[in-house]
Amino acid sequence: MKEKLQEIRRLAIDSIDSVSNLADIENLRVKYLGKKGEITILLKGMGKLSAEERPIIGQIANDVRKEIEELIEVKKDKLNNEALEAKLKSEKIDITVSKKKSRVGHRHPLLSTIKELEDLFISMGFKVIPGPEIETVKNNFDDLNSPENHPSRDMSDTFYITEDILLRTHTSPVQIRAMKEYGVPLKMVSAGRTFRFDDVDDTHSPMFHQLEGLVVDENISMANLIHTLDIFIQELFGKDIKTRYRPHYFPFTEPSAEVDVTCFKCRGAGCPNCNHTGWSMELLGCGMIHPKVLENCGIDSTKYSGFAFGMGVDRITMIKYGINDIRLLFENDNRFLEQF
Amino acid sequence: MLLPVKWLKDYIDTNKSARELADGLTLSGSHVESIKALDNGIENVVVGKVLKVEKHPNADKLVICTIDIGKEKLVIVTGAKNVNEGDYLPVALIGSKLANGLEIKESNFRGVSSFGMLCSLQELGLPDNVIPKEMRDGIFILDKEYPLGTSILEVLELNDQVIEFEITPNRPDCLSIIGMARETAATFNYKLNEPSVEIHNDVDDINDYTNGISVETDKCTRFYSRVIKDVVIEPSPIWLQTRLMKAGVRPISNIVDITNFVMLEYGQPLHAYDLEELNGKKIIVRQAEKDEKIFTLDGNERTLNEDDIVIADGLEPIGLAGVMGGLDSEITDDTKIVLLEGANFNSENVRLTSKKLGLRTEASTRFEKGLDPNLCSIAVERVCQLVELIGAGTVVKGSIDVYNNVKENKELELNPERCNKLLGESIPVNKMLEYLNALGLESAYDGSLINVSVPTYRLDINIEVDLIEEVGRLYGFHNIKPKALLGGLSRGDKPYKNMLEDKVKSILEGLGLNEVMTYSFISPKAYDKINLTKSDDKRKYIKILNPLGEDYSTMRTTLLPNMLDLLSRNFNKGIDSIYAFEIGNTFIPKNLPVKSLPDEKKVLSIGAYGDVDFYEMKEIVEITLSKLGIKNLSYEREENNPTYHPGRTAKVCFNEEFLGIIGEIHPDVLRKYDIKTKVYTAQLDFDKIVDLTNLEIVYKPLPKYPSMVRDIAITVKEDVLVGDIEKIILKHGGGLIEKLELFDIYRGDQIEEGLKSVAYSIVYRSYERTLTDDEVNEIQKVIIEDLERSVDAKLRS
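Conventions adopted
- Residues numbered from 1 in each chain as written.
- Chains lettered and ligands numbered in written order.
- Predicted model: local features only at pLDDT ≥ 70, side-chain atom pairs only at ≥ 80, totals over all residues.
- Helix = DSSP H or I, 4+ residues; strand = E, 2+ residues; numbered from the N terminus.
- Rg over C-alpha atoms; globule rule 2.2 N^0.38 Å.
- Buried ≥ 20, exposed ≤ 12 C-beta atoms within 10 Å, placed from the backbone.
- Pairing = 2+ DSSP bridges.
- Contact = placed C-beta atoms within 7 Å.
- Axes fitted to C-alpha atoms, helices over the stretch in contact; angles between N-to-C directions.
- Parallel < 35°, antiparallel > 145°, perpendicular 65-115°, else oblique.
- Nonpolar A, V, L, I, M, F, W, Y, C, P; charged D, E, K, R; others polar.
- Domains from an automatic or database assignment.
- Expected span 1.5 Å × (residues − 1).
- Arc of directions from axis to C-beta.

Draft legend 1. Representation of the overall build of chain B. Helices and strands together make up the secondary structure of chain B, namely 21 helices and 39 strands. On C-alpha atoms alone, chain B measures out to a radius of gyration of 42 Å, which is more than a quarter above the 28 Å that the 2.2 N^0.38 rule sets for 797 residues. Projected onto the principal axes, the alpha-carbon positions of chain B cover approximately 130 × 85 × 60 Å. Taking all 797 residues of chain B together, 40% fall into the buried category.

Okay, structure coming up:
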């Protein structure tokens, strides 16, 4: 019997070695190890052996069985791996082919700039407060201390609906609304559409966009204004950008300033873009809220002070993306939109 | 405001360059727009004297000049006709450069060599609009003898620079050389040397020449007048002409030039009348009569009314107050006696007259911005002084001054503590005093407050905070150290509606749509173009009183026309597909004509052409709304909306609430927009979407029990809506239908004409137990029976 087992082992090793597909190896497993397999059948004849021989032959039979099992498993793994490899090889594709199947959407560059600016101010603790596009003359001019006969009120500068109602010429009336509604302390920004009687050309549009901000509380100073705007500008344009606060005039702030920033092209070295000054002009207007404006909104100007600032978002967007014609922002050419 | 640096240096003593001055003034509040060099690259042009002018032997139109330039004599051939022996004129030497870039070389004119060129003012770089009329053609002849060989740049003060400032409207006092000199002095801590005016030849008496001045309107604050006799009208000396040209004003003749010079110097517009042309030799300042006429200096006849102020003589208007003089009393070559006017008029009145007549002049722009009445006399006296200086006439003794409410300095107080608190700095009191005094604001400290006397020319300083600005700007905003805001932390946020707007934009971007942005105003024709019926509410729009043009004249009540416009533009540029959306305001009036602010209602507008069809547009809307928690929308056919395709348009509703319309644009509308492809759009009420949004998400446990799938295929009439079939199926599901999927709609072979086959896959599942075949079969049976009954369906086997 021992010889018989050795014979089975030898034959099994040979045939496992020569098998080349998974089906054949399964047949071999059945042939040797199955319920009716050769080793099983052989082991059934163990009863005829003597009590001394039985454990010895049993041991040998088990060893042979285990060996064959292992060989079959190893062979199976090998064949499986080969099959997978062949499959992978056959699935090779040209990875340089482009099939444009998915559509990608794009946000409008100006509106995403507004969102970016708002988010920046939100992170600095400002509330976003929206305001209407159609406004009262009172909110847009009177309460902002605009002189009664100021030319900006002319019909050649401002679109009117009636004598008392107009298309807002700046986002500043939202300051008035916010101060009247929320009182002090207040830290807000507001962005949106504004309108002026300007014919369309590459830098003008009768509709444009501003972002306006305001802080009112006790002890608010010009030094606070500069600190806040410096942080904002550096967040927006980079830490290497410097600012310059120039005295200016706005009816609703006193003192008032305009803010220049380092030229974006040459970073301050001077280039044709900045007229060789190194400064990009008039990015922002700002100042300490005029006491009359505070009083107009029911805020005690002897107790409270505040600062306000405003900027043209169209210009910031154009600077940011190097857009040289404001009309592109309103034309909505798909080839333009898909660049952002 | 143009500031020639050499002129500035008449009043302050400085070695600073134009660039240094400009930088300093910019930081103290006078914004520099540009610095222009006046030499225009000119080199080697010198003063020469014409010794001889001879005919050219071979050319009738040329002459040969012998020119003495001091160190040598040159032969120069010229075609100019105004050159005479003894003239002093600019000579461009061989190798010199002119303003137009021309380089002078030796040249030969018909056999005669020429060693240089005689120059005109244009060739010296002066712009045409400031060159005196008589000097526009021909060589520029100097007014007197200058050292031969001197650079012409020196003679004409063209070795100078002009700084151009943008002056803010609150500082009309800076629209003058003296005003800017005062700013310069304060900025750099220089002493300001104002001209000291002395008049030598006071002869006769003004009352011998005039019969008085009467002011009959409160719109004229002051009228100051002097008389000059023995006037000789002739061109001004070159220095005066040059000054004017450099500041952008064209020289005319001596008297007029002096008034313009003083206007530039002090900012006070002045006028000179030919006294002998004044009827009755008197002046009356009064309201114009209705339809009164005047011929202004520019030769036009103007019709006036009671709102306009005129200067009249005994008979008729001779000037339009603050705007322009009259033609009849204009200074001419024959004028012998001049009456000078230095007056102050109500700025609003001048503005309205100037605007009404469409006549803006140097004088009117200055009066509009506001002027100090105390300047009137200073300026007129200065004119008299200059008249004497250049010998243009003899000043008559005495003046007539009608000035009822003399304007006095304002007395203000500045609290140094408040000043530092507002600026966020600690500027010492003595510095504050220094800044204020340097600006001419006489200031003294009484131990607690600074008392400031504000001169009348500072119209902009009225309250304490105005003084704080003065201190701040001279200290330098750039010197203020930034300080962080103090106080409790505040949380930044934005309103829910704006947050949702962002969310919707992100969803649509994710779905492959591009965001667009269009004007809030549209053409009234747009409402016709989209075929709105005459009674449509969208035609109740707000009109702009003064639109830029019809295309921008109404506030939109719908976003659709803008969407179609942009789709049309893209289509006609050959772009084959676009998916676009806009969230924007529509303006719904509460009353017409408008009496109060309208409602601004937000609309979500989606538009697309290309591969898109109705179902994709519907899916875009469904996905977007489902992300906002608005699920299970219902649809109704919209067959009678003239904007849309009658068979391919739906009203979108949620729980009976109308949200908007999805549909294909009517071919007739497309034709008007010149779009030759199908367009699909969705117009949704964004405000309503905001109201219905529910962002709360409650987790639902994953199913533990198996599902059961059944298919149903039925035939129904063509016009049965699958939506109705689905309603029936879901009605009988008993909450066990997990998913209902329409997987086929089929017409054709084996289906009777006019019918369609509709096939669904229904997934049943309970969250509590395993479903049995029997109960699902029972549900299926009820569904089929109802379908047969309600929509006349036939089960397909």
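Draft legend 2. Fine view of the sheet that holds strand 28 (residues 542–543) of chain B. Residue and element names in this part refer to chain B. Spatial ordering of the open sheet is given by 27-29-28, a layout of 3 strands whose pairing is antiparallel. Only two strands of the sheet have a single partner each, and these edge strands are strand 27 (521–522) and strand 28. Direction of pairing for strand 27 relative to strand 29 (residues 554–555): antiparallel, over a ladder of 2 bridges. In the sheet register, Phe 521 faces strand 29, and the bridge partner there is Met 555.

Draft legend 3. Structural view of the environment of B:Val32. All names here are of chain B. If you trace the backbone, Val 32 turns up in strand 2 (residues 31–37). On the neighbour-count criterion, Val 32 (21 C-beta atoms within 10 Å) is buried. Counting along the chain gives 529 residues from Val 32 to Pro 561, while the straight-line C-alpha distance between them is 45 Å. Ignoring sequence-local partners within four residues, the contact set of Val 32 consists of Ala 22, Leu 25, Thr 26, Ile 163 and Phe 165.

Draft legend 4. Main features of unusual backbone geometry. For the bond from A:Val184 to A:Pro185, the omega torsion is -10°, close enough to zero to count as cis. The residue A:Pro185 is located in the loop between helix 7 (173–182) and strand 4 (186–195) in this model. In this structure, B:Pro593 follows B:Leu592 across a cis peptide bond, with omega equal to -5°. On the secondary structure map, B:Pro593 appears in the loop between strand 30 (578–588) and strand 31 (599–609). In the Ramachandran plot, B:Arg110 falls in the positive-phi region, its phi being about 45° despite a non-glycine side chain. Assessed through the 10 C-beta atoms surrounding it within 10 Å, B:Arg110 is described here as exposed. Positive phi is not limited to glycine here, since B:Asp230 has a value of about 50°. Look at B:Asp230 and you get partly exposed, because 14 C-beta atoms sit within 10 Å.

Draft legend 5. Seen up close, the packing of helix 12 (residues 429–438) of chain B against helix 13 (residues 464–475) of chain B. All names here are of chain B. Interhelical geometry of helix 12 versus helix 13 gives an angle of 95° and a closest axis separation of 9 Å. Of the possible angle classes, the one that applies to helix 12 and helix 13 is roughly perpendicular. Seen from helix 12, the contacting residues are Lys 431, Met 432, Tyr 435 and Leu 436; seen from helix 13, they are Leu 467, Glu 470, Val 471, Leu 474 and Tyr 475. Per-class residue counts for the contact of helix 12 with helix 13 are 7 nonpolar, no polar and 2 charged.

Draft legend 6. Region of interest: the domain arrangement of chain A. When cut into domains, chain A gives domain 1 (2–90) and domain 2 (109–337). Centre-to-centre separation of domain 1 of chain A and domain 2 of chain A, based on C-alpha positions: 86 Å.

Draft legend 7. How the structure looks around helix 1 (residues 2–18) of chain A. Residues and elements named next belong to chain A. Its 17 residues give helix 1 an end-to-end C-alpha distance of 25 Å, which sits within 8% of 24 Å, the value for a rise of 1.5 Å per residue. Buried within helix 1 we find Ile 8, Arg 9 and Ala 12. All buried residues of helix 1 lie within an arc of 100° about the axis, which places them on one face of the element. Summarising the geometry of helix 1, the exposed residues directed more than 90 degrees from the buried face are Glu 3, Gln 6, Glu 7, Arg 10, Asp 14, Asp 17 and Ser 18. Looking at the buried residues of helix 1, the elements they touch are helix 2 (22–33), helix 3 (38–44) and helix 4 (53–90).

Draft legend 8. Focus on the sheet that holds strand 23 (residues 410–414) of chain B. All names here are of chain B. Here 3 strands make up an open sheet; going across it, the order is 23-25-24 and the pairing antiparallel. Edge positions in the sheet fall to strand 23 and strand 24 (442–445), since each of these pairs with one other strand and no more. Strand-to-strand, the axes of this sheet are offset by a mean angle of 20°, without reference to chain direction. Across 4 bridges, the pairing between strand 24 and strand 25 (residues 450–454) is antiparallel. Within the sheet, the bridge partner assigned to Ala 444 lies in strand 25 and is Asn 451.

Draft legend 9. Quick look at the interface of chain A and chain B. Taken together, the contact between chain A and chain B spans 69 residues of the former and 75 residues of the latter. Residues belonging to the side of chain A that touches chain B are distributed by class as follows: 33 nonpolar, 18 polar and 18 charged.

Draft legend 10. The pairing of strand 4 of chain A, seen in detail. All names here are of chain A. Across the 10 residues that make up strand 4, a large majority, 8, are buried. Examined bridge by bridge, strand 1 (residues 127–128) and strand 4 share 2 bridges and lie parallel to one another. The residue bridging Lys 127 from the neighbouring strand is Met 188, located in strand 4. Relative to strand 5 (residues 207–217), strand 4 runs antiparallel, the two being bridged by 10 bridges.

Draft legend 11. Local environment of the pairing of strand 37 (residues 737–746) of chain B. Residue and element names in this part refer to chain B. Summarising burial for strand 37: 0 of the 10 residues are buried, a small minority. Relative to strand 38 (residues 755–764), strand 37 runs antiparallel, the two sharing 8 bridges. Counterpart to Tyr 746 in the pairing with strand 38 is Ser 757.

Draft legend 12. Structural context of the domain arrangement of chain B. Parsing chain B into structural domains produces domain 1 (2–38 + 161–188), domain 2 (43–155), domain 3 (206–403), domain 4 (410–479), domain 5 (496–692) and domain 6 (708–795). Here domain 1 of chain B and domain 2 of chain B have C-alpha centroids that lie 34 Å from each other.

Draft legend 13. Region of interest: helix 7 (residues 254–266) of chain B. Residue and element names in this part refer to chain B. Between its terminal C-alpha atoms helix 7 stretches 18 Å, which fits the 18 Å expected from 13 residues at 1.5 Å a residue. Counting buried positions over the 13 residues of helix 7 gives 12, a clear majority of the element. Within helix 7, burial applies to Asn 254, Ile 255, Asp 257, Ile 258, Thr 259, Asn 260, Phe 261, Val 262, Met 263, Leu 264, Glu 265 and Tyr 266. Phi for Gly 267, located one or two positions after helix 7, is positive at around 90°.

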